[in-house]
Structures are given as C-alpha cells and as structure tokens.
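Notes for the structure review
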Amino acid sequence: METVLVVGAGQSGFGVATSLRDKGFDGRVVLIGDEPGLPYQRPPLSKGYLAGTAGDAQLRLRAEDFFEEKGIELIGGRVASVDRDGAKVVLEDGTVHQYDHLVLATGSRNRVLPVPGSTLDGVFTLRTKDDADVLRAALERAENVVVVGGGFIGLEFAAHAGRPVTIVEAQDRLMARVATPEVSAYFAALHEEAGHTVLLGQGVAAVRGENRVAEVELSDGSVLLADLVLVGVGVEPRTRLAEEAGLAVANGVVVDEHLRTSDPKISAVGDCANFPCVQAGTATRLESVQNAVDQARAAAAAIVGEPAPYDSLPWFWTDQLGAKLQIAGILTGAERTVVTGDREGGKFSVLSFRDGVLAGVESVNRPPDHIAARRLFAADPAPRFETLEANGFDLKATFASTRG
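The following refers to the structure shown. By convention here, each chain's residues receive numbers from 1 onward along its written sequence. Residue-level local features of this predicted model are given only where pLDDT is at least 70; pairs of side-chain atoms are given and counted only at 80 or more, and the full residue set underlies all totals for whole chains, interfaces and linings. In computing side-chain values, all of the structure's heavy atoms are included and hydrogens and water are not.

Only DSSP runs of H or I reaching four residues or more are called helices, and only runs of E reaching two or more are called strands; each is numbered from the N terminus. Locating arginine 21 in the fold gives a position in helix H1 (residues 11–22). Think of it in three bands: residues with accessible area under 20% of the maximum for their type are buried, residues over 50% are exposed, and the middle band is partly exposed, with areas taken using a 1.4 Å probe on protein chains only. Residues scored as positive are Lys and Arg, those scored as negative are Asp and Glu, and His as well as the terminal groups of each chain are ignored. The working definition used for a salt bridge is a side-chain nitrogen of Lys or Arg within 4 Å of a carboxyl oxygen of Asp or Glu. Buried charge without a partner: arginine 21 forms no salt bridge, and the closest opposite charge is aspartate 26, 6.3 Å away. Any pair of nitrogen or oxygen atoms within 3.5 Å is treated as a polar contact; in protein, a donor-acceptor pairing is required on top of that, and neighbouring residues in sequence qualify only through side-chain atoms on both sides. At a separation of 2.7 Å, a polar atom in the side chain of arginine 21 contacts the main-chain carbonyl oxygen of lysine 70. Between two residues, a contact is recorded if the distance between any of their heavy atoms is within 4.5 Å. Ignoring any residue separated from it by four or fewer positions in sequence, one finds arginine 21 in contact with Asp26, Gly27, Arg28, Val29, Lys70, Gly71 and Ile72.

This is the structure:
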C-alpha cells in the first residue's frame, strides 16, 4: 500500500492529509506532529484564546474521531532525520517510518531577540498553544508589559492583553513588512487611542533583571519598566531536515510550481516552502493560513496525479481593537496608492499599484471591498489604474465592468 508521510501537523500538514482523502487517495496517510494532542489552528492564540473567549475546542482543526473516520494516522514525535535513499524518516526515539512520498510541513519558528537578557524569565514568544497558556497566566500578574515588534502577532497580543502596553518597533511604522503607510498610521493611532504607547524607530539594546526581567533598555538609552516582555520580531523557516537531507534550501525549502522539492518524492508546503509566486513575480515564502491551506490542496493534487501550477491569490487578515484588516494580493514593489472610503470613520480601503496594475488591496472594516478585490484578481489580468479610475476606484463597479 502506498504511503504518504507528512511531517508537521499544523494547518498545512493537516491540509495535505485531509486533501489526499478528499481526492480519493486510498493508501496510508501518516501525519507526524511534534506537539501533544490533536492538530490545532494558530491564529486564535494571539486573539480569542489569549483573551479567554476561545477554548481548546475552538482551536482544534477536527475532533479525534474525524481522523479515525478518514483513516489518517496521527503520530506524536520529533523527526530526527530523513533518509532519502531509504525513503524513510527516523524519529528521535528511533522509530522508523517508510514513505512513498514525503511532505515537509515543518512550519517556522520565532526569531530570538539577539540582545543580552533575552532569555530571562518573563520574556516570552508566542507560537504554540503551550506558549499561549504560559503567557495568559503571566498576564494576570503583570503590571508593566512591553511588546517588542509591531507586526501582526505583537499588535494582536496588545489588542487582547486587557491592559495598556508599550509597543516597541524598530521600523518607522507598524506592520511595515505587510501594510502601506496609510494603514500603518491608522493602526498606530488606534492603539494609542486604546491607551497603548507606541514607540517607533526604536530598537532594543538589552533586557535587564536579576533572573527575571525588570526593565528593557532601548537603542536610544532610555529604559522601560517591564515584568512581562513579548517578543514578536518575525519567524524563520524550519529547514533543518531538508538541509541535512541535501535538499535545495534558500529562505525556506525550495519548491517548484507543484510544490515539489529538488527530490521529486518530497514536497514542501506552508511557512517552510519557498515557491515561485505568480503575484510577486519571484520566489517567495508566505506565512498565512490561506497559503498553508491552498498549498496543501495543490500538493495533494500533484501527489495523486492531478498536478496544476500553484497560483492562488495570497490574502491575509488581522483583528485588532474592533478593526478588521483584510489584505488581498502582494504589496511589495507598489509605487502608487489610492485611498477610498471613510478613513476617519474607520471604514476604508487602500489600493496599491505596481507598474500601473493593481497589485494589492487593504480593506479596513470593508469586507465587500475585500471580496471584490479577490474577484478582480481571480478574473486575471488584474485591472490597470486607468480602469479603476474610470470607475471611481470602486472595486465592485470595476469588477462588474470587467464582466460586462
């Protein structure tokens, strides 16, 4: 019986396993995860789960009986190595599992703050359910909370911390890697209105304390009191298994348009995969639920003999302080923006253009704009600036005109 072995039981690994069954694959599907319990989703960890409004049941991707019904074998353990010649993986406990096709869905790990004191008690990162459990308990006792990093995780944590926090961001604006200046400014003001202190253009020089964090020294020499520090300075792909197995690795496991690695018997999906992104026009690694889910489906299709180039539209979202930001497309390289809607009222969209073509749309509390943007991108090719201008930069009207 043919065996597909999936290493990594997060969103993408779970997606490969279930998609194989959905496509009629009748061989063995083995899902290996290095965390205890059933596969779960991560986005709620920095939102409802942290705030206590979502529990374990809301985290689980499926109940235990689902895996039994689908014939998906769940194995707990950490993979020590991949033997490509022998088509097998070896777990740290010595257990060996053979495969006919291997899928690496190893995800990513949090970057460490490279300063003195970063390992003191009271300094946290947020990636797993265990991280969230420890962090939630620590929040109940904390008085001075500092968030290092103004990306999605840091800002979502701040939004759900239930108390004023200080946000320290080394860039000159929040969410600089994923958002336009217009959206960054709106969310900075939103957090300040909620009572948070936002410090931009400030790095961390050191974390200080006797065994436990007591203060954070910034790059300008100023000092912040802190008994809890959350570090959210990005992630890096988990590529050790691929590197040691001799697969091509460059900012992730290098894959082709079918998510296959340099070894045709091995695929890679999700946060760990560096793939040829149609929308970006270059090799890209994306960290999003959408990418994890859609790549899982594409990889499963290729495994069962139905390969199709992966070209799904990237989209992202974040919920902060009553504001929902939805992003469709890739903003990198955009040189022109147009703001539509009511920015002061907190319901607006920012259209970004690259080489005169719509490249991305950020929508704040405007779900219809987000849906229209995704439809426009799916229609292919994306509309030019002149086409949108002729329709008053109304996304729904532009979509209707392209169909007419």
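There's plenty left to go through after this.
For the rest of this paragraph, the subject is the sheet that holds strand E9 (residues 123–124). Two strands pair if DSSP finds at least two bridges between them. Pairing is parallel in the open sheet, where 5 strands are placed in the order E9-E16-E10-E11-E12. The two strands at the open ends of the sheet, each matched to only one other strand, are E9 and strand E12 (197–200). With 4 bridges connecting them, strand E11 (residues 166–169) and E12 associate as parallel partners. Pairing of valine 168 across the sheet is with leucine 199, part of E12.

Let us now look at the packing of aromatic side chains. Aromatic rings in a pair are described by how distant their centres are and how their planes are angled relative to each other. Here the aromatic set is Phe, Tyr and Trp, taking the six-membered ring for Trp, and pairing holds for ring centres within 6.5 Å; pairs whose planes are under 30 degrees apart are stacked, those over 60 apart are edge-to-face, and all others are tilted. Counting across every chain of the model gives 9 aromatic pairs. Aromatic side chains tryptophan 315 and tryptophan 317 sit 6.1 Å apart centroid to centroid with 35 degrees between the ring planes, which places their arrangement in the tilted category. Ring centres of phenylalanine 353 and phenylalanine 385 lie 5.0 Å apart, and the angle between their planes is 70 degrees; on these two criteria the pair is classed as edge-to-face. Residue phenylalanine 353 is located in strand E25 (residues 347–354), and its partner phenylalanine 385 is located in helix H11 (residues 385–390); the two are separated by 32 residues in the primary sequence. Phenylalanine 385 gets classed as buried once you look at its relative accessible area, which sits at 7%. Through a chain of ring-to-ring contacts, the aromatic side chains of Phe14, Phe66 and Phe67 assemble into a single cluster. Whether a charge lies above a ring is judged from NZ of Lys or CZ of Arg, which has to be within 6 Å of the ring centre and within 35 degrees of the ring normal. The ring of tyrosine 49 is capped by arginine 136, whose NZ or CZ atom sits 4.3 Å from the centre of that ring. Geometry around phenylalanine 348 places arginine 343 over its ring, the cationic atom sitting 5.9 Å from the centre.

Let us look at the pairing of strand E7 (residues 101–104). The side-chain alternation of E7 yields two buried faces, one formed by His101 and Val103 and the other by Leu102 and Leu104. The pairing of strand E1 (residues 3–7) with E7 spans 4 bridges and is parallel. When the bridges of E7 are listed, valine 7 appears paired with leucine 104. By the bridge criterion, 3 bridges tie E7 to strand E19 (residues 266–268) in an arrangement that is parallel. Bridge pairing in E19 links leucine 102 to isoleucine 266.

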